[in-house]
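Understanding the architecture of this molecule
Each chain, written out:
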Amino acid sequence: MDVDVESKLLQAADRFDGLVVALCAAQQLLMVAGYAMVQAGVVQPKNVTSGLVKSLLDTTLTILAWWLVGYAFAFGSTAGGFIGKDRGNFALHDVLPGTQGWDRFFWTCGATAVSNTIFARGAYSERASLIPSLFFTLISTCLIYPVLVHWTWGQGWLSAWGAYPDSNGDFRPIFSGSLDSNGLIDGSGAGVVHLAGGCMALMGTIIIGPRNGRFILGVRSDEVEYGNKTLQYLGLLLVWVATFGVYLGPVILTSSTNLAGKVVINISVSAAGGCLTCSLLCGFLEHSLDVTVVLNGILAGLVAVAGNCAVVLPWHAFCTGLTGGFFFYGGRLLLWYLQVDDPCDAISVHGFTGIWAMWAVGVFCTDDNVAAAGYMNSSKACERGEQFAVQIVASLAIASWTCGVSGFVLGGMRLCRLDLRVSEELEEQGLDLLFGAPSALAVDDADKETSNKPDMPNYNNYNPGLHNSTHPLHTQAHIPPTWHHQSLEPDLPPIP
């Protein structure tokens with residue numbers, strides 16, 4: 001083949017790869033939208049608008065902070081294997097067009113936005129103040145995540161992509177410090193995105209405290225407000241579709257082989273495994289099939305395969321998702337027992353399952369699959385069990401750094417008497433009141449005023465399954481006396 005033709009074909013292939021990576025990275029915004037829909041389907045109607053506005057503000061703030069500061073600390077030459085130190089990376093000043101840095105920036109920026117979604121719009125729902133929440137988003141984007149990204153995907157001490165080079169430029173991956181070790185394998189953010197986001201959500205939830213009446217009523221978060229299951233379902237589908245692109249992006253960046261088909265299959269069977277586990281557990285232990293739990297089981301399956309989707313076979317991925325469902329459901333019960341209020345189960349889905357996602361890499365990886373995925377070192381770390389030890393050390397390091405810094409920042413904000421949560425009155429009325437929506441109490445008063453007019457019958461809340469006059473909903477629902485034998489409502493004509 002002519003040299004010029006071959007060179008042009010290679011350039012066209014590089015440009016096409018860049019386009020595909022950019023499209024994969026863009027799907028992370030679709031994932032952010034999906035999580036916002038899940039939250040809107042979980043919280044009370046009086047807090048839906050505020051959650052959507054916070055989602056937009058968090059995402060835009062994350063993009064700006066990562067562009068100006070975060071990327072520079074995440075990549076470039078390392079300062080002791082801890083953090084990046086190249087000044088030219090601030091605001092992408094010295095990143096040359098046509099280099100991989102542009103694609104890497106966009107993808108890691110989207111990953112940071114997704115992780116901020118976990119704590120800012122999931123676990124803190126319905127009581128967190130806006131300004132302190134945005135301030136913590138700024139801290140996480142400029143400090144917490146850049147350090148973790150540098151450790152994992154830069155030249156940090158855990159990296160599998162050129163860890164902590166010595167004076168001769170030789171890489172020193174953990175444990176051996178030679179090419180006999182891989183370093184941390186975390187293809188799509190099992191630790192950097194999910195585990196870190198879950199840890200920040202845990203610390204913030206503990207420091208901010210539960211919603212008013214959350215545990216006094218003796219009910220679980222999904223029983224405080226039944227929620228909109230349609231929005232939850234829509235949000236799950238958006239996240240599921242976006243996951244294909246988000247997990248494929250790093251594979252295209254790092255691998256010279258065609259792994260796209262295997263990655264897509266692994267994602268699908270892992271999600272199915274998580275759904276199966278949670279459906280069975282919910283049916284046997286709760287004697288019902290809660291839609292929210294089933295949907296979160298699918299999310300747990302997607303999270304569980306984040307680390308190993310490119311380095312395992314499909315049956316490994318199915319076992320990963322199956323076990324991830326147990327981690328999610330167990331974490332959900334543990335948080336309930338400890339009275340940690342997590343409305344969207346974000347800590348259970350991302351934190352507890354994220355731990356398993358890190359460990360599952362070492363449990364199921366094979367050295368041949370690791371080499372095929374494009375990892376730099378040709379070692380036997382998986383065969384001799386070293387990779388499992390690396391994954392455990394990395395999960396402990398990520399959790400310690402994230403919980404430590406998050407606790408310090410949020411605890412310091414609380415000691416400085418910054419209002420981390422809204423007032424009890426605003427929490428009762430609904431956070432949407434801050435964004436121009438009417439007060440929930442005003443809406444309730446208007447509904448009661450309308451319901452007291454005998455010439456305006458209202459059958460909107462009719463439920464023929466409520467025959468017990470002692471049911472708490474009977475004090476609010478407008479049920480005609482044909483079906484409610486002790487109703488105080490005026491006699492109304494039967495429904496045709």
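A short tour of the structure in this document, coming up.

Reading the values: the criteria
- Residues numbered from 1 in each chain as written.
- Predicted model: local features only at pLDDT ≥ 70, side-chain atom pairs only at ≥ 80, totals over all residues.
- Heavy atoms only, no water.
- Helix = DSSP H or I, 4+ residues; strand = E, 2+ residues; numbered from the N terminus.
- Buried < 20%, exposed > 50% of the residue type's maximum accessible area, 1.4 Å probe, protein only.
- Contact = heavy atoms within 4.5 Å.
- Areas by Shrake-Rupley, 256 points an atom, 1.4 Å probe, with all protein chains shown as cover.
- Phe/Tyr/Trp six-rings, centres within 6.5 Å; stacked < 30°, edge-to-face > 60°.
- 1 Å grid on protein atoms, 1.4 Å probe; cavity = no way out; pocket = protein on both sides within 12 Å on 5 of 7 lines; lining within 4 Å.
- Points joined across faces, edges and corners; volume = space filled by probe spheres on them.
- Nonpolar A, V, L, I, M, F, W, Y, C, P; charged D, E, K, R; others polar.
- Expected span 1.5 Å × (residues − 1).

1. Remarks on the overall build of the protein
The helix and strand inventory of the protein stands at 15 helices and 2 strands. Taking all 496 residues of the protein together, 51% fall into the buried category. Long-range pairs, those at least 24 residues apart, make up 76% of the contacts in the protein with a sequence separation of at least 6. Of the accessible surface of the protein, which amounts to about 22,100 Å², a share of 64% is contributed by carbon and sulfur atoms.

2. Focus: the packing of aromatic side chains
On inspection of all chains with the given rule, the structure shows 13 aromatic pairs. Between phenylalanine 327 and tryptophan 359, the ring centres sit 6.4 Å apart and the planes meet at 85 degrees, which makes this aromatic pair edge-to-face. Here phenylalanine 327, found in helix α10 (residues 314-337), pairs with tryptophan 359, found in helix α11 (residues 346-364); they are 32 residues apart in sequence, far enough to count as distant. Judged by relative accessible area, phenylalanine 327 falls into the partly exposed class, the value being 26%.

3. Examining empty space enclosed by the protein
Where empty space is left can be seen by rolling a probe of water-molecule size over the atoms. Counted under the stated rule, the structure contains 10 cavities of 30 Å³ or more. Quantified by volume, the second largest cavity comes out at close to 140 Å³. Around the second largest cavity, the lining comprises 15 residues; the ones closest to its centre are Tyr35, Gly122, Cys344, Ala346 and His350. Of all the elements in the fold, those that place two or more residues in the lining of the second largest cavity are α1 (3-42), α3 (100-123), α9 (291-304) and α11. The class makeup of the residues in the lining of the second largest cavity is 8 nonpolar, 5 polar and 2 charged.

4. Quick look at the environment of tryptophan 157
Its location among the elements puts tryptophan 157 in the loop between α4 (130-153) and α5 (190-208). C-alpha separation for the pair tryptophan 157 and glycine 183, spaced 26 residues apart in sequence, amounts to 8.3 Å. For tryptophan 157, the residues in contact, after removing those within four places along its chain, are Gly81, Trp151, Ala163, Ile174, Val393 and Ala397.

5. Focus: α5
The end-to-end C-alpha distance of α5, which contains 19 residues, comes to 26 Å, matching closely the 27 Å that a straight helix rising 1.5 Å per residue would cover. Within α5, 16 of the 19 residues are buried, which leaves the element mostly enclosed by the surrounding structure. Phi turns positive one or two residues past the end of α5, at glycine 209, with a value near 95 degrees.

6. Brief notes about the layout of surface pockets
Roughly 510 Å³ of internal volume is contained in the second largest pocket. Every element with two or more residues in the lining of the second largest pocket is listed here: α3 and α7 (229-254). In terms of residue count, α7 provides more of the lining of the second largest pocket than any other element does, 5 residues in total. Grouping the amino acids of the lining of the second largest pocket by side-chain chemistry returns 13 nonpolar, 10 polar and 2 charged.

Nothing here speaks to function; it is geometry throughout.
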